[in-house]
Amino acid sequence: MPSVTDVRFAELVQDIACDVHSKTQDDDNILQVQEISRAFVSDTLTVPTKEMNAYALRASLGDDVYFEPSTALLESHIAKITGKEAGLFLPTGTMSNQVALRTHLQQPPYSVITDARAHIYRMEAGGAAFHSGANSIPIIPANEHHVTWEDIEPRIVSGTDVHVAPTHIIALENTLNGTIIPQDDVIEISKNAHSRGIIMHLDGARIWHVAAETGLSMKELCDPFESASLCLSKGLGAPIGTVLVGSAPFITKARWFRKLFGGGMRQTGYMAGCAAYALTYNFPMLPRVHALAKRMQQGLEQLGVGILSPAETCMLFYDPSPIGVEYWEVVERAAQLPDPIKLNGSRLLMHIQTSPQAIEDFLELLRTLKEEKAAAGWKPENAPPKKKTLFRDVYVKAVRPA
């Protein structure tokens, strides 16, 4: 006869047991991969393949807060190819950028200069102010493409005026909205910043695309910066992770801040294995991704659709209003296709698992919508006038009118 304690423990076991698989999980996963191939929302939607999983499951089993061999090899490899002394694996690009800023910034007051469209400024929940007590100075590029030294120089804060926060860091994002900062401009900014004792940080979430498109080495792209954050889960298609690189003392301190931020992880070998697989087998696929984005732009232009930001790498931003169509109409009709396409607004992002057929189907949908509008009497002169603003945000969410 089981004791009361044994009976109670059996009940606890039953209460705590968990199964996260649906009854049709294998079929669900196949369907999910198909949906991802027809989603132009983000490259973070990509999923590990069977081959990636098989490689990653053979990685080491250490605890990364103490020492994890496969993760340490990944960190040293990315440090080596970027020409830096050391690297640090972090769970997200946001944490990597924020840990970098916090590590560089010692004692307020100080300010960080960024492009007004940059992820660090717009998409990290005010992290520079929260974590580092830093003022941000956003700059709108005069050329509407990328910031230059001519944009930055007048905005640098220096001197001993107690009313202001001196500029300690210039943070550049490359690519930004899929566009590439010309390397000559990066070098000019870096040279002038360093002559004034200002630190350079690179948000290189999609820097792999710059290397694939320009042929520049990762070292050449990262040389102008004291630190660089390189995401593994966007264009490269790993499920998680970013590596922050810099000098050995910088990474030693950054590891401390990673722990403070709650980013110390345990058995990260699998994640490192996925990243290594992505570097080896997915990076070579990026030129194909760029070709898909350029095909998308070509097709849209042939239809008379506006281009807000061109396809220099993996994404573009479009405007359907020149053919009388609104974003919400495109999103709703795309979702109603026999083989649906997922969208959320102006950004169209291609990735390593994008189906070429999805691009052709999207272009055909725009062609159909254009013909329907014309049949209903819409003419180009009916298009609403464009409002002239100081800052043009190419990110437009699809919102159906109330």
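Only a predicted model underlies this, so the values are computations on that prediction, with no experimental measurement involved. (Residues numbered from 1 in each chain as written. Predicted model: local features only at pLDDT ≥ 70, side-chain atom pairs only at ≥ 80, totals over all residues. Heavy atoms only, no water.)

Participant: Report on a nonpolar patch on the surface, specifying residues and quantitative values.
Facilitator: Residues Phe 9, Leu 12, Val 13 and Ile 16 make up a contiguous nonpolar surface patch of roughly 400 Å² in combined accessible area. With respect to the helices and strands, Val 13 occurs in helix 1 (residues 4–16). (Patch = residues over 30% accessible without salt bridge, like charges linked within 9 Å, V, L, I, M, F, W, Y side chains within 5 Å. Areas by Shrake-Rupley, 256 points an atom, 1.4 Å probe, with all protein chains shown as cover. Salt bridge = Lys/Arg side-chain N within 4 Å of Asp/Glu carboxyl O. Helix = DSSP H or I, 4+ residues; strand = E, 2+ residues; numbered from the N terminus.)

Participant: Lay out helix 9 (residues 183–195) with the relevant residues and their values.
Facilitator: Spanning 13 residues, helix 9 covers 18 Å between terminal C-alpha atoms, matching the ideal 18 Å at 1.5 Å per step. Trailing helix 9 by a residue or two, Gly 197 shows a phi angle of about 75°, which is positive. (Expected span 1.5 Å × (residues − 1).)

Participant: Tell me about the environment of Ala 56, and please be specific about residues and values.
Facilitator: For Ala 56, the location among the structural elements is in helix 3 (residues 50–56). Under the relative-accessibility criterion, Ala 56 is labelled buried at 2%. For the pair Ala 56 and Ala 272, spaced 216 residues apart in sequence, the C-alpha separation works out to 7.3 Å. (Buried < 20%, exposed > 50% of the residue type's maximum accessible area, 1.4 Å probe, protein only.)

Participant: Mind laying out the environment of His 146, listing which residues take part and the relevant values?
Facilitator: Tracing the backbone through its elements, the reader meets His 146 in the loop between strand 3 (135–139) and helix 8 (149–152). Considered as a pair, His 146 and Ile 181 are 35 residues apart in the sequence and their alpha carbons are 5.9 Å apart.

Participant: Now, about the packing of aromatic side chains: what can you tell me, with residues and values included?
Facilitator: This structure, assessed with the given rule, holds six aromatic pairs. When the ring of Tyr 55 is compared with that of Tyr 277, the centres are 6.3 Å apart and the planes differ by 50°; the resulting orientation is tilted. You can see Tyr 55 sitting in helix 3 and its partner Tyr 277 sitting in helix 13 (residues 269–282), a full 222 residues away along the chain. Residue Tyr 277 is classed as buried on the basis of its relative accessible area of 12%. (Phe/Tyr/Trp six-rings, centres within 6.5 Å; stacked < 30°, edge-to-face > 60°.)

Participant: Could you give an account of the sheet that holds strand 10 (residues 347–349), naming the residues involved and the relevant values?
Facilitator: Pairing is antiparallel across the open sheet formed by three strands, whose spatial order is 8-9-10. The strands lining the two open edges of the sheet, one partner per strand, are strand 8 (306–309) and strand 10. Between one strand axis and the next, the sheet turns through 40° on average, direction left out of account. Note that strand 9 (residues 315–319) and strand 10 share three bridges and pair antiparallel. Considered in strand 10, the bridge of Phe 317 is made with Arg 347. (Pairing = 2+ DSSP bridges. Axes fitted to C-alpha atoms, helices over the stretch in contact; angles between N-to-C directions.)

Participant: With reference to specific residues and values, describe empty space enclosed by the protein.
Facilitator: Overall, the coordinates contain one cavity of 30 Å³ or more when judged by the stated rule. Considering only enclosed or pocket space, the largest cavity measures out at about 60 Å³ in volume. If you trace the largest cavity, you find it lined by Asp 115, Arg 117, His 145, His 146, Val 147, Leu 172, Glu 173, Leu 176, Thr 179 and Ile 181. Tallied by class, the residues present in the lining of the largest cavity amount to four nonpolar, three polar and three charged. (1 Å grid on protein atoms, 1.4 Å probe; cavity = no way out; pocket = protein on both sides within 12 Å on 5 of 7 lines; lining within 4 Å. Points joined across faces, edges and corners; volume = space filled by probe spheres on them. Nonpolar A, V, L, I, M, F, W, Y, C, P; charged D, E, K, R; others polar.)

Participant: Describe the packing of helix 4 (residues 69–82) against helix 13, with residues and values.
Facilitator: The geometry of helix 4 relative to helix 13 is characterised by a closest axis approach of 8 Å and an angle of 35° between their N-to-C directions. Between helix 4 and helix 13 lies a crossing whose hand is left-handed. Contacts from Ser 70, Thr 71, Leu 74, His 77 and Ile 78 of helix 4 reach helix 13 at Gly 269, Ala 272, Ala 275, Ala 276 and Leu 279. Tallied by class, residues from the contact of helix 4 with helix 13 come to six nonpolar, four polar and no charged. (Left-handed = near helix turned anticlockwise from the far one by under 90°. Contact = heavy atoms within 4.5 Å.)

Participant: So what's going on with the layout of surface pockets? Which residues, and what values?
Facilitator: Counted as a void, the largest pocket has a volume near 970 Å³. If you go around the largest pocket, you meet 39 residues; those closest to its centre are Leu 308, Asp 319, Lys 386, Arg 392 and Asp 393. Among the elements that line the lining of the largest pocket, the one with the most residues is strand 8, at three residues. Looking at side-chain class alone, the lining of the largest pocket contains 21 nonpolar, eight polar and ten charged residues. The space that makes up the second largest pocket amounts to roughly 520 Å³. Of the residues belonging to the lining of the second largest pocket, the class tally is six nonpolar, seven polar and eight charged.

Participant: Lay out the pairing of strand 5 (residues 199–204) with the relevant residues and their values.
Facilitator: The element strand 5 is extensively covered by neighbouring structure, given that five of its six residues are classed as buried. Note that strand 4 (residues 167–173) and strand 5 share five bridges and pair parallel. Note that in strand 5 the partner of Ile 170 across the bridge is Met 200. Relative to strand 6 (residues 227–231), strand 5 is paired through four bridges, and the arrangement is parallel. Looking across to strand 6, one finds that Gly 204 is bridged to Leu 230.

Participant: Let's hear about the packing of helix 5 (residues 93–104) against helix 12 (residues 248–260): which residues, and what values?
Facilitator: Viewed as axis vectors pointing N to C, helix 5 and helix 12 meet at an angle of 120°, and their least axial separation amounts to 9 Å. For the element pair helix 5 / helix 12, the angle class is oblique. Two packed elements cross with a definite hand, and for helix 5 against helix 12 that hand is right-handed. Within the contact between the two elements, helix 5 uses Val 99, Ala 100, Arg 102, Thr 103 and His 104 and helix 12 uses Phe 250, Lys 253, Ala 254, Phe 257 and Arg 258. (Parallel < 35°, antiparallel > 145°, perpendicular 65-115°, else oblique.)

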